[in-house]
Amino acid sequence: MARGSRSVTSSKWRYCHPSYYLKRPKRLALLFILFVCVSFVFWDRQTLVREHQVEISELRKEVIDLQNLLEELNNKQGGTAGMIDLRRKASKSGNEVLDDPVDIERREKVKEAMLHAWGSYEKYAWGQDELQPQSKNGVNSFGGLGATLIDSLDTLYIMGLHEQFQKAREWVTNSLDFNKDYEASVFETTIRVVGGLLSAYDLSGEKVFLNKAREIADRLLPAWNTPTGIPYNIINLSHGRAHNPSWTGGESILADSGTEQLEFIVLSQRTGDPKYQQKVENVIVQLNKTFPDDGLLPIYINPHSGAAGYSPITFGAMGDSFYEYLLKVWIQGNKTSTVKHYRDMWEKSMKGLLSLIKRSTPSSFAYICEKNGGSLTDKMDELACFAPGMIALGSFGYSATDDSQKFLSLAEELAWTCYNFYQSTPTKLAGENYFFHSGQDMSVGTSWNILRPETVESLFYLWRLTGNKTYQEWGWNIFQAFEKNSRIESGYVGLKDVNSGVKDNMMQSFFLAETLKYFYLLFSPSSVIPLDEWVFNTEAHPLRIVTRHDDGHVENLNEKQKPFSRLGGRKEGRSV
């Protein structure tokens, strides 16, 4: 008999059998018996409820114990133990931080936006790199590697869209092919494809993602075969021929050469093969040999000599993520002495950044100038709006409280400027770059908006690090502007002009990989992808933090995980 059922022939239940009443016709006796019967039913039901509640409580404790043990083992081994919980350890007391109802509502709106964007891609551009929503077709702007699909994997997972995630996983397993006669950007392929696959692996534990990440990384490796080890920025995925774009005069681009460290170090950690880490860390060694005291490098580097060419210095296009990765490799290595030189280089760069800060009149908006030779240009890219988040994140690593507060305050000032890039236009969406003229504050330069994430990224970091809900309100205003101006029936599009609101015909892959993910996390508890356990690559793909050893040994973390197994260039800003 199934657990919890009862036999009517058992001793106490005989009073409820009809034959019992037939032998006792007296009404009083019948009423008494009925009372006893109901009492037994109530008593038995309450007993069952109490027993059930005790069983549920015990099972919940067992699940929590197993979950916490899994997290501890996973953290010790630096990797992913299967389908991990994205939140921090559960509490045995059952007490959890209450989720703000407004945040819940806003998070669901962002999730619905992701479903709309993903559903449109799935319907009109499945397996292709990007969707053109107005013409309802796909384009292979990255050689046909399924850029939007791979860029979206971790966003789908984090948002709990598991059915969509599994369908994308099947495509990766059965259809993703890297043997393309295509001149690929090493940088873009690394941050979107290698980063996207590694993040999907770290989140889900699905081995197929790690295998695919290694396969594409092997096709990129010949790009580092230069006299200095500073990579060429273009490579043919099929033939392995590497070179630099002609418009750079043969030079390598700073951001393109210094923004593979996170992904390739993580790949070495997950596979146990040191060659990926060695290639990318040698770049930093070479640049550090002649690293200037102000930590600011021109955007062109000679791959043959390692010398910096005469070119602009900027925290915008072609410079930005080099500085970002100096900080984030230090964080991903868990801030040990092995990675301290990254932090030292980053702090030098922050001293240099201070020399680029000016303030507008009459409103005193802080902004980051570009430098050409000895002169400053009063221009700031929206791309440089990643900097407030980076500075805020790094401000907590200073040993001196004064330095920490100084840089956090600067981050908050710059975030206010970036938010006003949005608020200053009729559409409430930011242009591509801004100029600052005396007495006029900011004015739009290049007036398109291609769904970029940088300002939202910084608002996310500042919200996480300060708890100031103002950053959530600013983010919500920006999200509503995207919904009003960029959403159409078949996806999301950028704007050709943020003043007129005229739409373009492209849903960039980073809109799903970054913009919507940062919106979602902005309205999520800080226990979701906590910043002391995860670090985001420059395409917003979260990667597990792993403590780096002083001896430089690379462990095969993938092997250790076996017993537990169960996203036109965004940064280059050259195309719309």
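Remember, predicted model here, so these are calculated numbers, not experimental data. (Residues numbered from 1 in each chain as written. Predicted model: local features only at pLDDT ≥ 70, side-chain atom pairs only at ≥ 80, totals over all residues. Heavy atoms only, no water.)

Look at the UniProt record and you will see "active site" (unreviewed entry) annotated at Glu 188, Asp 320, Glu 432 and Glu 454. Within the fold, Glu 188 resides in helix H6 (residues 186-204). Overall, the relative accessible area of 3% leaves Glu 188 in the buried class. Here Glu 454 shows up in helix H15 (residues 454-466). Judged by its relative accessible area of 0%, Glu 454 is buried. (UniProt positions renumbered as here; feature names shortened; annotations may be inferred. Helix = DSSP H or I, 4+ residues; strand = E, 2+ residues; numbered from the N terminus. Buried < 20%, exposed > 50% of the residue type's maximum accessible area, 1.4 Å probe, protein only.)

What follows covers the packing of helix H9 (residues 261-271) against helix H11 (residues 320-332). Angle between the axes and distance between the axes: these two values describe a pair of packed helices. Running from amino to carboxyl end, H9 crosses H11 at an angle of 20 degrees, the nearest separation of the two axes being 9 Å. Between H9 and H11, the angle falls in the class roughly parallel. Contacts between H9 and H11 involve Gln 261, Leu 262, Glu 263, Ile 265, Val 266 and Gln 269 from the former and Tyr 325, Lys 328, Val 329 and Gln 332 from the latter. Per-class residue counts for the contact of H9 with H11 are 5 nonpolar, 3 polar and 2 charged. (Axes fitted to C-alpha atoms, helices over the stretch in contact; angles between N-to-C directions. Parallel < 35°, antiparallel > 145°, perpendicular 65-115°, else oblique. Contact = heavy atoms within 4.5 Å. Nonpolar A, V, L, I, M, F, W, Y, C, P; charged D, E, K, R; others polar.)

Turning to helix H7 (residues 207-220), a few remarks are in order. When the terminal C-alpha atoms of H7 are compared, their 20 Å separation across 14 residues agrees well with the 20 Å that a helix rising 1.5 Å per residue should span. Looking at H7, one finds that the buried residues are Val 208, Phe 209, Leu 210, Lys 212, Ala 213, Ile 216, Ala 217 and Leu 220. (Expected span 1.5 Å × (residues − 1).)

Here we come to helix H10 (residues 275-289). Spanning 15 residues, H10 covers 21 Å between terminal C-alpha atoms, matching the ideal 21 Å at 1.5 Å per step. Every buried residue of H10 is listed here: Tyr 276, Gln 277, Val 280, Glu 281, Val 283, Ile 284, Gln 286 and Leu 287. Among the structural elements, H7, helix H8 (254-257), H9, strand S7 (300-301), H11 and helix H12 (340-354) are those in contact with the buried residues of H10.

On to the packing of helix H14 (residues 401-423) against helix H16 (residues 470-485). Contact geometry for H14 and H16: axes closest at 11 Å, N-to-C directions at 25 degrees. Judged on the interaxial angle alone, H16 and H14 are roughly parallel. Of the two elements, H14 crosses H16, and the hand of that crossing is left-handed. Residues Glu 412, Ala 415, Trp 416, Tyr 419, Tyr 422 and Gln 423 of H14 touch H16, and the partners they reach there are Tyr 471, Trp 474, Asn 477, Ile 478 and Phe 482. Class assignment of the residues belonging to the contact of H14 with H16 gives a composition of 8 nonpolar, 2 polar and 1 charged. (Left-handed = near helix turned anticlockwise from the far one by under 90°.)

All right, on to the packing of aromatic side chains then. Within the structure shown, the criterion is met by 30 aromatic pairs. Centre to centre, the rings of Phe 264 and Tyr 276 are 6.2 Å apart; their planes meet at 65 degrees, and the pair counts as edge-to-face. Of this pair, Phe 264 sits in helix H9 while Tyr 276 sits in helix H10, and the two are 12 residues apart along the sequence. Taking the centre distance of 5.0 Å and the plane angle of 0 degrees together, the rings of Tyr 398 and Phe 407 count as stacked. On the basis of relative accessibility, which here comes to 12%, the residue Tyr 398 falls in the buried class. Aromatic rings pair up to connect Trp 476, Phe 479, Phe 482, Tyr 492, Phe 511, Phe 519 and Phe 523 into one cluster. (Phe/Tyr/Trp six-rings, centres within 6.5 Å; stacked < 30°, edge-to-face > 60°.)

Structurally, Ser 311 can be placed in the loop between S7 and H11. Overall, Ser 311 belongs to the buried group, its relative accessible area being 10%. It is 9.0 Å that separates the C-alpha atoms of Ser 311 and Leu 297, two residues lying 14 residues apart in sequence. With near-sequence residues (within four places) excluded, Ser 311 lies in contact with Pro 298, Ile 299 and Tyr 300. In this structure the side chain of Ser 311 is engaged in a polar contact, spanning 3.3 Å, whose partner is the backbone nitrogen of Ile 299. (Polar contact = N/O pair within 3.5 Å; in protein donor to acceptor, adjacent residues only side chain to side chain.)

Sheet architecture is open: 3 strands sit in the order S12-S13-S14, paired in antiparallel fashion. At either margin of the open sheet sits one strand with a lone partner, and together these are strand S12 (379-381) and strand S14 (441-444). The average angle at which neighbouring strand axes cross in this sheet is 30 degrees, direction not considered. Note that strand S13 (residues 433-437) and S14 share 4 bridges and pair antiparallel. Looking across to S14, one finds that Tyr 434 is bridged to Val 444. (Pairing = 2+ DSSP bridges.)

This brings us to the sheet that holds strand S3 (residues 183-185). Spatially, the 3 strands line up as an open sheet ordered S3-S4-S5, and their pairing is antiparallel. Looking at the sheet topology across the chains shown, the edges are occupied by S3 and strand S5 (242-243). Of the strand pairs in this sheet, S3 and strand S4 (residues 234-236) are connected by 3 bridges, and their pairing is antiparallel. Residue pairing across strands places Ala 184 opposite Ile 235, the latter belonging to S4. Lying over the sheet, H6 contacts S3 and S4, oriented at roughly 65 degrees with respect to S3.

Bringing the pattern of salt bridges into the picture now. One pass over the full model with this rule turns up 28 salt bridges. The partner of Lys 167 in a salt bridge is Glu 122, with the nearest N and O atoms 2.5 Å apart. Of this pair, Lys 167 sits in helix H5 (residues 162-175) while Glu 122 sits in helix H3 (residues 101-124); the two residues are 45 residues apart in sequence, bridging distant segments of the chain. As a salt-bridge pair, Arg 452 and Glu 432 come within 2.7 Å of each other at their nearest N and O atoms. Linking Arg 452 in the loop between S14 and H15 with Glu 432 in the loop between H14 and S13, this pair joins segments that are 20 residues apart in sequence. A single burial state applies to Arg 452 and to Glu 432, both of which are buried. A cluster of three or more residues bridged by salt bridges with shared partners is formed by Arg 214, Asp 218, Asp 273 and Lys 275. (Salt bridge = Lys/Arg side-chain N within 4 Å of Asp/Glu carboxyl O.)

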